[in-house]
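Inside the fold
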Amino acid sequence: MEVYSNENEQVDALKNFFAQNGKALVIGVVIGIGALAGWRYWSNHQDDSGRETSAAYQQISTALDSSKPETLTAAAKFAEENSNTYGAIASMDLAKRYVDANQLDKAVARLQNGLKDVKDANLQAVINLRIARIQLQQKKADEALKTLDAVKGDGWTAIVADVRGEALLSKGDTSGARGAWSKGIASDASPALKEMLQMKMNNLPG
């Protein structure tokens, strides 16, 4: 299972969820296409100092290239020097590059570091979900389940249920996976996400 494959499947569901909750920045973070959109959103809500930081983030994000180690170093330095949302998002960008390079330990460490600087509950949820998915890729299902416990808010019930079901299934707990996905289907999730969970349940043995 690819770490971000679930997010690719959930693009439509996530768009609907965040459209309802007004989290334009986090839409971009989750589906991996919104670095510029996130920068524009935040630049309209910050003072001059904040705009300078957001502009620096845009420059770092645009230049980020796994084939150029110096850009990874620059992103890491930016994340370390900015204990705020921008630094956290830079950590997410950098973690994605580590995942692409199969450096999963580095990806988790970077996400956990970025998480310390996040106050927005929805962005915290996104980061924890990514950590959990990577831990699942590392075959650390118990750690992934513990990470999922940190995701709060009724709006996340179905997405957490999706990852929880995958973690339980990886442990051989078919009944637990079925229960997790059933909870997601019963939640106030989008039709697209419910349909995906139902398909997973239909594919369970027995």
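Higher on the page you've got the structure.
In this text, all values refer to a predicted model and were calculated from it rather than measured experimentally. (Residues numbered from 1 in each chain as written. Predicted model: local features only at pLDDT ≥ 70, side-chain atom pairs only at ≥ 80, totals over all residues. Heavy atoms only, no water.)

1. Quick word on the packing of aromatic side chains
Scanning the model with the defined rule gives two aromatic pairs in all. Seen in terms of ring centroids, Tyr 57 and Phe 78 are 6.3 Å apart; in terms of plane orientation they differ by 45°. Their pairing is tilted. A residue pair is termed long-range when its members are at least 10 positions apart, and Tyr 57 in helix 5 (residues 48-63) and Phe 78 in helix 6 (residues 69-81) qualify at 21 residues. A ring pair is formed by Tyr 57 and Tyr 86, whose centres lie 6.4 Å apart and whose planes are at 40°; its orientation type is tilted. Residue Tyr 57 is found in helix 5, and its partner Tyr 86 is found in helix 7 (residues 85-100); the two are separated by 29 residues along the sequence. Residue classification places Tyr 57 among the buried positions, given a relative accessible area of 4%. A relative accessible area of 7% places Tyr 86 in the buried class. Taken together through their ring pairs, the aromatic side chains of Tyr 57, Phe 78 and Tyr 86 make up a single cluster. (Phe/Tyr/Trp six-rings, centres within 6.5 Å; stacked < 30°, edge-to-face > 60°. Helix = DSSP H or I, 4+ residues; strand = E, 2+ residues; numbered from the N terminus. Buried < 20%, exposed > 50% of the residue type's maximum accessible area, 1.4 Å probe, protein only.)

2. Focus on the side chain of Ser 187
Along the polypeptide, Ser 187 turns up in the loop between helix 12 (174-186) and helix 13 (191-202). Overall, the relative accessible area of 12% leaves Ser 187 in the buried class. When sequence neighbours within four positions are dropped, the list of residues in contact with Ser 187 reads Thr 157, Ala 158 and Lys 194. (Contact = heavy atoms within 4.5 Å.)

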